[in-house]
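What follows is each chain in one-letter form.
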Amino acid sequence: MDRGFGLDVAEGLAELCRPDRLALVVYDMQVGIVSQLQDGAQVTRAVASVLDGARAGGFRVFFTRHMSLPNEVAGASQLRTAKAWQRARTVGEVKPSFPRDSPESQIVRELEPRTSEAVLDKIAMSAFVGTPLDLALRDCGLVAFAIVGIALEVGIEPTVRHGTDLGFVPVVVADACGSRDRAAAERAFAGFAFAGGSLTTDVATVVPLLRGAHLG
């Protein structure tokens, strides 16, 4: 741990993997999203390993879920995005993909949230937009978050960049982050490395640190 100007400045992953410094964010591991990836089951197993480690180590856990508003209140930006994703010719053809209480919007059963864990619904890509995640992390005195889930190139990347701008240290668990566009995912990893505000790790490295946190 580096120290200067009265501040502790973490230099490595081990220094951050403490329940009083870091939370786990499980990003959009929903039935209707996991099923879109050929390796969705593999990603789910990797996420489950990290989640189990975080629970064993006593870390706070936040789940996010992407939510579709009814078309009548979705707004122009949401409708435009949905039109592009659904390859619809007109706004009138757009159907809400993830209504709040639909089966598609639910977290996959392998990762069922506990009552002690938060589930945050959002309509933006960054997990910090329109949710209490920023306030909750700060109010718990946390300075970092590990992130896993789907999709790296669509939602995890903007969440990591937004989190860095908010003053947090994002920890991306690379092999527990699914993607559909491999080239875009590689660009995201390259961007993380270039910007330097986040850390990138893997399941084999981070899980023992999480599990052993309660022993420190």
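Residue numbers restart at each chain and count upward from 1, following the sequence in its written direction. Where local features are concerned, this predicted model is filtered to residues with pLDDT of at least 70; where side-chain atom pairs are given and counted, the filter is 80 or more; whole-chain, interface and lining totals use all residues. Water and hydrogen atoms were dropped before computing side-chain values, which therefore reflect all heavy atoms in the structure.

1. Side note on the sheet that holds strand β3 (residues 22–27)
Phase 1: Pairs of strands are assigned from DSSP output, requiring at least two bridges between the strands. Runs of H or I in DSSP of at least four residues are treated as helices and runs of E of at least two as strands, each being numbered from the N terminus. Taken in spatial order, the six strands of this open sheet run β5-β4-β3-β6-β7-β8, and their pairing is parallel. In this open sheet, the two edge strands, each paired with only one partner strand, are β5 (118–122) and β8 (199–201). On average, each strand axis in the sheet is tilted by 25 degrees relative to the strand beside it, whichever way the strands run.
Phase 2: Any pair of residues with heavy atoms lying within 4.5 Å of one another is described as a contacting pair. Axes, fitted as lines to C-alpha atoms, cover a helix only where it is in contact. Angles between the N-to-C directions of the axes lie from 0 to 180 degrees. Across the face of the sheet, helix α9 (residues 203–211) comes into contact with β3, β7 (169–178) and β8 while running at roughly 125 degrees to β7.

2. Concerning the pairing of β7
Phase 1: Any residue under 20% of the maximum accessible area for its type is buried, any over 50% is exposed, and the rest in between are partly exposed; the area is computed with a 1.4 Å probe on protein chains only. For β7, a buried count of seven out of 10 residues is recorded, marking the element as mostly surrounded by other parts of the structure.
Phase 2: The pairing of strand β6 (residues 144–150) with β7 spans six bridges and is classified as parallel. Residue pairing in the sheet places Ala-144 in a bridge with Val-169 of β7.
Phase 3: Following the backbone out of β6, through helix α7 (residues 152–165) and into the adjacent parallel β7, one traces a crossover that is right-handed.
Phase 4: Bridge count for β7 against β8 is three bridges, and the pairing is parallel. Among the inter-strand pairings, Val-173 is bridged to a residue of β8, identified as Thr-201.
Phase 5: Each parallel crossover has a hand, and for β7 linked through helix α8 (residues 182–195) to β8 it is right-handed. Here the term right-handed applies to a crossover when the path leading from its first strand over the helix to its second strand runs clockwise, the strands being oriented away from the viewer.

3. Some points on the pattern of salt bridges
Phase 1: Salt bridges are defined by distance alone: a side-chain nitrogen of Lys or Arg within 4 Å of a carboxyl oxygen of Asp or Glu. Counting across every chain of the model gives 10 salt bridges.
Phase 2: A salt bridge links Asp-121 to Arg-65, with the shortest nitrogen-to-oxygen separation between them at 2.8 Å. Taken together, the residues Asp-121 in strand β5 and Arg-65 in strand β4 (residues 60–66) connect sequence positions 56 residues apart. The same class applies to Asp-121 and to Arg-65, which are both buried.
Phase 3: Between Asp-134 and Arg-138 there is a salt bridge, and its shortest N-O distance comes to 2.6 Å. Of the two residues, Asp-134 and Arg-138 both sit in helix α6 (residues 133–139), four residues apart, roughly one turn of that helix.
Phase 4: If you follow the salt bridges from partner to partner, you end up with Arg-65, Arg-100 and Asp-121 in one network.

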